[in-house]
Amino acid sequence: MGMSLDQSALEALRKPVAEARGLPNAAFVDPDFHELEKQTVFSKSWVFAGRKSEVPKQGDIRLAEIAGEPLIIVRGRDGAVRVFYNVCPHRGARLVTEDRRGTRIMTCKYHAWAYDLAGRLRTRPHFNGPGLHDEKAGSTECVSLFEVRTDFWHDGIFVNLDGKAPPLPEYLAPLDRQAEGFDISQFAYADTVSGRFNCNWKLAVENWSDVYHVFAVHPGLNQMMDQGQRTGADGDGNLIYFRWRYDEEFLSRDPLPRVQGLEGSARTLAFNGHLYPGLAISFHPTMFLFWDFKPIGHDRTRLDLHLYYVASAAHDPDHAATREGKAKYYTGLNAEDEEVCRLMQEGRQARGYDGGRFSPFWDRGTLHFANLVAQSIT
Ligand code: FES
Ligand SMILES: [Fe+2]
């Protein structure tokens, strides 16, 4: 099935950054390459599926999707959050067709088999012939929805489709190592800003940790802190990260409450980490962000950016205008990024391109990411 990377492409990726080449064009423009990624990148790793705060109450159900595979996130009557493939085990119809609140049972549209919120089959109408309903389906036979391996970190729901990845804490270990003990338990969910990037998902996430382009693409961000105070991203295992320090004066103008209990340099830290494959995380003294990049085809990417603020600032009316301002700011920032990501998608149709040239100062993170992709698919 599909295609992989040839030996010369792999060797070029493994060279020191000054001589290395990135992934070949096909990795971005070929639908077969994306098919291969679905079977490897997105099934072997932990992938962000959604937020627990999307299903706050028992019986809440949210549709989700990972690289084309339909999922449902369900808050059970026991309060636990479970993730199932959104498919009926009978004839394989998609089971749930829209988000739901406070439901007790999931009934398939096709032959009305009904499942409880833990995924167990409850009834099968007319299963044994006309009028002969199977009312005790759950106790007599082991038919249940296909559950996906799931674990949680803060508000984040993570799934591992092939069930074989190392435990989630191992996946998050590089973040623990690099993020200087940042305490996210103080943050509460406020808003989501969604957008679409007309490019392959890898271009969108490479761009996210490309600090180099700030001076050219983001005048507003550059004004806040100029290029001279920025550094390129680095890799640590499945994490690509970069950080900067705010100055106290700048922070003192932010009306949002700050995280409590930070000491010394952690008080002014902005930490940005991209967890392979597609989840980026930002910690700021007053904000926490999940950037959820998901492919929707080989040349389209969806971004759901979830914004969190310290405790009551997430819903306090006093901070409504500030929250609105932040959402607007990130919408604008994403639009600036979308344009250059689209230009990369268009440029990489040119067969003359050979994977590119890297700046040893700025592009280490991009090369690290390309090598993670290569490892997943080979
Ligand atoms: S496919 Fe769902 S009940 Fe038949
Ligand atoms: Fe950007």
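As the structure is a computational prediction, the values presented were derived from the model and not from experiment.

**Concerning the overall build of the protein**
- Looking only at helices and strands, the protein has twelve helices and 16 strands in total.
- A compact globule built from 378 residues should have a C-alpha radius of gyration of about 21 Å, and the protein, at 23 Å, falls within 12% of that.
- By principal-axis analysis of the C-alpha atoms, the protein measures approximately 75 × 55 × 35 Å.
- Looking at the protein residue by residue over its 378 residues, the buried ones come to 36%.
- Residue pairs in contact within the protein that sit at least 24 positions apart in sequence constitute 64% of those at least 6 positions apart.

**Looking at helix α7 (residues 201-208)**
- The element α7 is extensively covered by neighbouring structure, given that eight of its eight residues are classed as buried.
- Residues Trp201, Lys202, Leu203, Ala204, Val205, Glu206, Asn207 and Trp208 constitute the buried set of α7.

**Description of the pairing of strand β15 (residues 287-295)**
- Among the nine residues in β15, eight count as buried, and that is most of the element.
- Where strand β14 (residues 279-283) meets β15, five bridges bridge the pair, whose relative direction is antiparallel. Bridge assignment links Leu279 to a residue of β15, and that residue is Asp292.
- Between β14 and β15, which follow one another and run antiparallel, lie three residues.
- Both β15 and strand β16 (residues 301-310) contribute to a ladder of nine bridges, which runs antiparallel. Bridging across to β16, Trp291 finds its partner in Leu305.
- Hairpin connection from β15 to β16: five residues lie between these consecutive antiparallel strands, with Gly297 at a positive phi of about 100 degrees.

**As for the domain arrangement of the protein**
- Taken as a whole, the protein is organised into domain 1 (47-150) and domain 2 (168-377).
- The distance between the C-alpha centroids of domain 1 and domain 2 comes to 34 Å.
- A per-class count over the side of domain 1 that touches domain 2 returns three nonpolar, one polar and one charged.

**Re the sheet that holds strand β7 (residues 121-123)**
- Spatial strand order, β5-β6-β7: three strands in an open sheet with antiparallel pairing. Every other strand in the sheet has two partners, leaving β5 (105-107) and β7 as the edge strands with one partner each. Taken pair by pair, the neighbouring strands of this sheet meet at an average axis angle of 40 degrees, ignoring direction.

**Comments concerning the pairing of strand β3 (residues 69-75)**
- Extensive coverage of β3 is indicated by the burial of five of its seven residues.
- Where strand β2 (residues 61-66) meets β3, six bridges bridge the pair, whose relative direction is antiparallel. Each bridged residue has a counterpart across the sheet, and for Ala64 the counterpart in β3 is Leu71.
- The turn linking β2 back onto β3 is made up of two residues, and Ala67 within it adopts a positive phi angle of 45 degrees.
- Note: β3 against strand β4 (residues 81-85), five bridges, orientation antiparallel. Residue pairing across strands places Val74 opposite Arg82, the latter belonging to β4.

**Focus: the nonpolar core**
- Within the largest apolar cluster, 85 residues are counted, with the highest numbers of intra-cluster contacts made by Ala49, Leu71, Ile73, Val159 and Ala204.
- Counting residues domain by domain, this core receives three or more from each of domain 1 (47-150) and domain 2 (168-377).
- Ala204 has contacts with Phe197, Cys199, Phe293, Thr301, Leu303 and Cys341, leaving out every residue within four places of it along the chain.

**Focus: the sheet that holds β4**
- Read from one edge to the other, the open sheet built from three strands follows the order β2-β3-β4, with strand pairing classed as antiparallel. The outermost strands of the open sheet, each flanked by one partner alone, are β2 and β4. Pairs of neighbouring strands in the sheet enclose a mean axial angle of 30 degrees, with direction left out of account.

**Topic: the packing of α7 against helix α11 (residues 320-347)**
- Taken N-terminus to C-terminus, the directions of α7 and α11 make an angle of 130 degrees; their axes are 10 Å apart at the nearest point. Judged by the angle between their axes, α7 and α11 are oblique. The two elements α7 and α11 cross, and the hand of that crossing is right-handed. Where α7 approaches α11, its residues Leu203, Ala204 and Asn207 are matched on the opposing element by Asp337, Val340, Cys341, Met344 and Gln345.
- Classifying every residue of the contact of α7 with α11 by side-chain character gives five nonpolar, two polar and one charged.

**A few points about the environment of Ala49**
- Its place among the elements puts Ala49 in strand β1 (residues 47-51).
- You can call Ala49 buried: it has 26 C-beta atoms within 10 Å.
- A C-alpha to C-alpha distance of 9.5 Å links Ala49 and Asn160, two positions 111 residues apart in sequence.
- Discounting chain neighbours no more than four positions away, the residues touching Ala49 are Ala64, Ile66, Leu71, Ile73, Val83, Ile157, Phe158 and Val159.

**As for the packing of helix α1 (residues 7-14) against helix α12 (residues 364-377)**
- Two elements in contact, α1 and α12, have axes whose closest approach is 10 Å; the angle formed by their N-to-C orientations is 145 degrees. Crossing hand, α1 versus α12: left-handed. Facing Leu10, Leu13 and Arg14 of α1, the residues of α12 in contact are Ala370, Asn371 and Ala374.

Rules used in this analysis
Residues numbered from 1 in each chain as written. Chains lettered and ligands numbered in written order. Predicted model: local features only at pLDDT ≥ 70, side-chain atom pairs only at ≥ 80, totals over all residues. Helix = DSSP H or I, 4+ residues; strand = E, 2+ residues; numbered from the N terminus. Rg over C-alpha atoms; globule rule 2.2 N^0.38 Å. Buried ≥ 20, exposed ≤ 12 C-beta atoms within 10 Å, placed from the backbone. Contact = placed C-beta atoms within 7 Å. Pairing = 2+ DSSP bridges. Domains from an automatic or database assignment. Nonpolar A, V, L, I, M, F, W, Y, C, P; charged D, E, K, R; others polar. Axes fitted to C-alpha atoms, helices over the stretch in contact; angles between N-to-C directions. Core = buried A, V, L, I, M, F, W, Y, C linked by C-beta atoms within 7 Å. Parallel < 35°, antiparallel > 145°, perpendicular 65-115°, else oblique. Left-handed = near helix turned anticlockwise from the far one by under 90°.

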